[in-house]
Structure formats: C-alpha cells, structure tokens
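# Examination of the molecular architecture
Residues per chain are reported as follows:
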Amino acid sequence: MNRVDLTIIVFLLCIMMLLTGCYGQYKAEREFWLTNRKYERILGRVDSTTSEEFEELIVDLRKLVISYPSWPYSALAQLRIGNLYNIQGKYDKALSEYKKVIEDFPSSTVVSAEALFVMGTIYQRKNDEQTANKYFDRVQQEYPDTLTALNIPLYLARYYKSKGRIEESNLAYDEAIQRYKTVINKAPDETKAILVLDYLVNCYNDREKWNEAIVSLRNIANRHPESASAQKALLIIARIYETKLKDKQKADAVYQEIIDKFPDTPLQEALTDYFDKNERGNVRNSQ
Amino acid sequence: MGIKEKLGVIGYIIKVTFKYLLKHPKTLSPFVVIALFNILSLFTLYLAPLYPFKRILGPPIVRFWGVKFLHYPYNFILLPNLFFKVKNFLINPLISSVMIAVCAGMIYHYYLGQEPSFSRAFNKALRRYVHLLLVMGAMIALTYLIGRFISYVLNKIFSDWKNVGLLNFVVSFFITVGIEALFAYAFLIIMIKGKGILSALKESFVFSSGLFFITYILVLIPRLFDLAVGVLARKQLYFMDKFIPDVTLLIIITGILVAIFSDGLVYSFVSNLYILRKKAKDSSEKT
C-alpha cells in the first residue's frame, strides 16, 4: 500500500470524525439522555443531593432547552427544571418554570398537562385549593385525552381521603367511577380504556368495595364482550375472587371463561399453566 | 511426537515468529489495513442515525430492528451486532482474505532470502483473489453454521440455566479456534504454491490434522486476547450503564486494535510453522 492510499483512508476517517461533531438532533438526544440519567439518579437520592448538584443539573437542562427549542424533548427538559425546583421546595421558581412549559411548548400536550397538574398540586400544598382546582379543571378541559387529565378524579378522591374529608372523598370517588366508565364504554378497545380500567379498579380498591368492583367490571365485560377491556376486566374479576374474596372456585370459573372467550389471548399459556398446576395439586391432595 | 516435543515446537515457532516480527514489523501492515477498513465501517455504522448516512442505513435498520435503534442510546446497543455482521460477512471475505495472504506472502519472501514486500505480495494475492475469497467464505460459513448448531444444542440441553449464553460463548470460541486451525494454512498454500481452493483446503486440512495440537495452540494463544475483548463486549450493557453508551465504540475499537496483533500473530505463527516444516522436509528428502 503506498502513501497515497494511506492518505486517502486517513482523510476519509478524518471527515467521518468531523461529521460526528455536527449531529444536531442526535446530539440533543445524547445530551437529553445524559441529563435524564443524572435526573433519575438525583430522584433516587433526593435527601443527599446538594443544592449545587441540583443547580448543575438545572443548568444542563436549561442549556438543552435553549439549544434545541423546537425539539420535542425540550418540553420535558423544561418540565424537569420545574420538578427540580419543586423537589427542593422552591415553589415559586417551580411555578414559573412550569408556566414556561405551557407557554413555550403548547404542542407538547402530555407535558403541558403534566405541568398544569403539578402546578395544581403546588397550590394544594400552599393551601390554596381554589387556585389548585382551577389548574386541575384546566387540565381536564384543555387536555382531556391525556392520562394526567384522566388521573385527576382519582387523585382528588385520594387527596380528600388523605385529609380525612370522607364525604368529599366519597363524592369524588363516585364522580371518578362515572367518568372512567364513560371513557371505557366510549372506546373499549383503545389503550387509553385499558389504562383507565386500572384507575377504575383503584377507586373500588381504595374503599375495598370488591363486590361493587366485580359488578362494574362484569358490566363492562358484558357490554363489550370481545374488546381488550373485557379481557382485562375479566382478569381483574378473577384476581379479586382469588386474592381478595378468597373464592377459588369463582376465580377458576372466570379464568376458564377467559380461556374460552379469548383463545388468542397472550394470557392463554399462563392460564393453562395455572390450571395444570391446580390439577397436579389436586391429584397430590387426593393421594 | 510427545507432548514435551510438541510444546518445544510451539515454543520454537513463537520464538522464531517474534524474532521475525521484530525484524520486519511491516509484516503486520496487512492487518493494519484490515483495521482501517474495520474502523471505517464502524464509523459509517456509528453515523447511521445521522444524515446523509441515515438515508441509506436508516431503512434497513428500521425494517429489521425498529426505529428506536436510530436514536441514542439504542443505536449503541445495535452497533456491535451491525459491526460484527459487516466485519464477518463483508470485510473478512473481501479484505481480510487478501491481507492474510499478503502477510503469508511477505513471510515467504523472507524465507526466500528476499526483503518482505507488501506490494509484491499484494499483487500476487490479487491474482489469487477468488480462491482466497472462497476459502474465507467457506471458513466463515462453517464457523457460522457450527456456531448456530452449538447454540441450538446448548439452549436445548441447558434451557433453564441462566449462564447458557456464557457457555455458548466459550464453547463457540474454542470450536472457532479449531476451525481456524484447519483453514489457516489454505491462504498460505494458495499464495506460495498457487493451488486452487479445493487442493489448498485439502492440503491445509491434511497438514493441520498432522500437527493439530500444535496448530490449535498457536492459533489459540493470540485468540485469547480476542477472547478478553469478547468478554468486555459481552458486558457492553453494564459498561453503557456504568459509564456512557458511547463506551461501546471504545470497546469495539479496542477489539479492532487487538485484532491487528492477534490476527498478525496467528497467521505469522502458522506461516512460519508451515514454511519451516516444509523446509525441514525438503532438506531431509534431499539428504
């Protein structure tokens, strides 16, 4: 190999290495990942984190937001700046950072909904429930399809319960249940409905109303018998029978119902295993 | 030949090879060329998430692995896999096959009493290119098929054992060394005797079988350095988490640099062994 060939190869390598320096969005992804890792590590040890460490991370996140203003994850970076102030109890600074999320990233609906929601919780902490509720209402009106908005009824019910305001709490739970049922019945096959099913069950779970939960879930399963929500509803019913009501016979009947009604379910194998183990257990017991 | 004698031969070949390489370090230059091509392909793959490379490499990555592998840090999870595919199925047959022959040719020049010359050996290797390429292709195909078979068998036998991956890695390594020991002489035979692929493979197998233990150990010793890098590469996810995902590049580059010496030593050892053995045989026939 002569020198010319070697020079060409080295030249090509140099060009490639130079190219690695101008990598716009990829660079943003990389910086976001690195700051995100720092962020998660700080969340894992909030008490031992110094204010300098918080500040350093806030600077990193701010650099990201300024450098890549139109990049979708910049909204999340801005939200995290607010979160870092919030964690430190610097509520006013946090509020102003959350406000920037809503003003600067209006198209990032999920992040904006989250920012409004956290602003509401900050006002709750400041004992200004009126303002807090305004923010919660805004989330539900402006971003009704986000999970943050859907979580608010359950959140409020739990909030009242934690404050010992039982009547308000019960009312909030009932409202939440109605809301969740409407969402599920509207589009029982959508991912959102399947996620909301968890919120619905939590409403019953918090008050240990297992029989009501079963009735409610059975209604969903009967109303949309072939939907993904029905499958999940039946599974939850079976679990309630098995773990909460300790009625193994009824639990098995519902598991069997899932196997019969949903032959293609990914749960099929696990459920068949479950019955095989039961059978082996029964044989051992009879011996 | 007893084990003591065999070890004596191994020691002698190692000594002769090191002496030769110290005197003619340029014999390793073919492996530097391979390393340059490897680094070039590594950087091309590394730049896959960026334009203009994304235009060409993006669609197959999205098609076979998913769009997330065009984003940080997932691109680093895929990078070793992509790189080893390009190395094994493109660079090794197209480039390494010739360069191994060039190295063997340079060593042969030395035994002819000439100054080892890259360009002369390269010109000769180019004329035998198809045979060299086919030998390398056969070696890769056999290694791949046996590797798949071993993996299948081990996964069947030790399906419940969590270290089956490590076992597969170690067993595959030792078998790959064995296959390389069988094929290693073929490049040299094609180069110095001008034989075709079939007779070169036949002679290589016969010669290697006669001295299998010696050849195996001579291939194994340098390949242990590759094994060390392979162990590092297996811990890629750990290093990505402990440091930063970009550390993957460093691990692969380390492997490429180590391969300059390991490949260089393997083919220098076997070339020296073959040529010295032939010389000894020829002189004993004459006397």
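Residues numbered from 1 in each chain as written. Chains lettered and ligands numbered in written order. Predicted model: local features only at pLDDT ≥ 70, side-chain atom pairs only at ≥ 80, totals over all residues. Heavy atoms only, no water.

## Section: the overall build of chain B
Secondary structure summary: chain B contains 11 helices and 0 strands in total. Ordered by position from N to C terminus, the α and β elements of chain B give α-α-α-α-α-α-α-α-α-α-α. Relative to a compact globule of 287 residues, whose C-alpha radius of gyration would be 19 Å, chain B shows 20 Å and is just as compact. Oriented by its inertia axes, the alpha-carbon framework of chain B measures out at about 70 × 45 × 35 Å. Restricting to contacts in chain B with at least 6 residues of sequence separation, those with at least 24 account for 75%. Summed over all atoms, the accessible surface of chain B reaches about 14200 Å², with 69% contributed by carbon and sulfur. On chain B, the mean spot of the 31 positive side-chain charges and the mean spot of the 11 negative ones are 4 Å from each other. (Helix = DSSP H or I, 4+ residues; strand = E, 2+ residues; numbered from the N terminus. Rg over C-alpha atoms; globule rule 2.2 N^0.38 Å. Contact = heavy atoms within 4.5 Å. Areas by Shrake-Rupley, 256 points an atom, 1.4 Å probe, with all protein chains shown as cover. Lys, Arg positive; Asp, Glu negative; His and termini not counted. Charge placed at Lys NZ, Arg CZ, Asp CG, Glu CD.)

## Here we look at the overall build of chain A
Along chain A, the regular secondary structure elements total 14 helices and 0 strands. Secondary structure elements in chain A, listed N-terminal to C-terminal, are α-α-α-α-α-α-α-α-α-α-α-α-α-α. At a minimum sequence separation of 6, the contacts of chain A that also span at least 24 residues come to 52%. With the model as given, the accessible surface of chain A reaches about 15900 Å², and the carbon-plus-sulfur share is 52%.

## Things to note about unusual backbone geometry
Geometrically, the link from Y51(B) to P52(B) is a cis peptide bond, its omega value of 5° lying close to zero. Inspection of the secondary structure puts P52(B) in the loop between α2 (29–46) and α3 (53–64). In this model, N127(A) sits at a positive phi of 60°, which is unusual for a non-glycine residue. Locating N127(A) in the fold gives a position in the loop between α6 (109–125) and α7 (129–142). Take N127(A): its relative accessible area is 67%, and that puts it in the exposed class. A positive phi angle, near 50°, is found at K246(A), a position not held by glycine. (Buried < 20%, exposed > 50% of the residue type's maximum accessible area, 1.4 Å probe, protein only.)

## Thoughts on the environment of V16(B)
All names here are of chain B. The residue V16 is located in helix α1 (residues 3–23) in this model. Separated by 129 residues in the primary sequence, V16 and L145 have C-alpha atoms spaced 35 Å apart. Not counting residues within four places of it along the chain, the set of residues in contact with V16 comprises Y111, N272 and L276.

## Considering the packing of aromatic side chains
Applying the stated criterion across every chain yields a total of 32 aromatic pairs over all chains. Pairing F43(B) with Y46(B) gives two aromatic rings, centres 6.0 Å apart and planes at 90°, and the pair type is edge-to-face. Of this pair, F43(B) and Y46(B) both sit in helix α2, 3 residues apart, which is roughly one turn of the helix. Judged by relative accessible area, which is 7%, F43(B) ranks as buried. Taken together, the aromatic side chains of Y26(A), W33(A), F43(B), Y46(B), Y72(B) and F76(B) make up a single cluster linked through ring pairs. Geometry around F64(B) places R63(B) over its ring, the cationic atom sitting 5.6 Å from the centre. (Phe/Tyr/Trp six-rings, centres within 6.5 Å; stacked < 30°, edge-to-face > 60°. Lys NZ or Arg CZ within 6 Å of the ring centre and 35° of its normal.)

## Some thoughts on the confidence of the model for chain A
For chain A, the average pLDDT comes to 84, and 85% of its residues sit at 70 or higher. Taken element by element, chain A is modelled with least confidence in helix α14 (residues 268–286) of chain A, mean pLDDT 58, and with most confidence in α6(A), mean pLDDT 94. (pLDDT = per-residue confidence, 0-100.)

## A look at the packing of helix α4 (residues 74–111) of chain B against helix α5 (residues 118–127) of chain B
Residue and element names in this part refer to chain B. The contact between α4 and α5 brings their axes to 8 Å, and the two run at 125°. Classified by the angle their axes make, α4 and α5 are oblique. In this structure, α4 meets α5 at a crossing whose hand is right-handed. Side by side, α4 and α5 meet where V98, M99, A101, V102, G105, M106 and H109 of the first sit next to F118, R120, A121, F122 and A125 of the second. When the residues that make up the contact of α4 with α5 are grouped by side-chain class, the tally is 9 nonpolar, 2 polar and 1 charged. (Axes fitted to C-alpha atoms, helices over the stretch in contact; angles between N-to-C directions. Parallel < 35°, antiparallel > 145°, perpendicular 65-115°, else oblique. Left-handed = near helix turned anticlockwise from the far one by under 90°. Nonpolar A, V, L, I, M, F, W, Y, C, P; charged D, E, K, R; others polar.)

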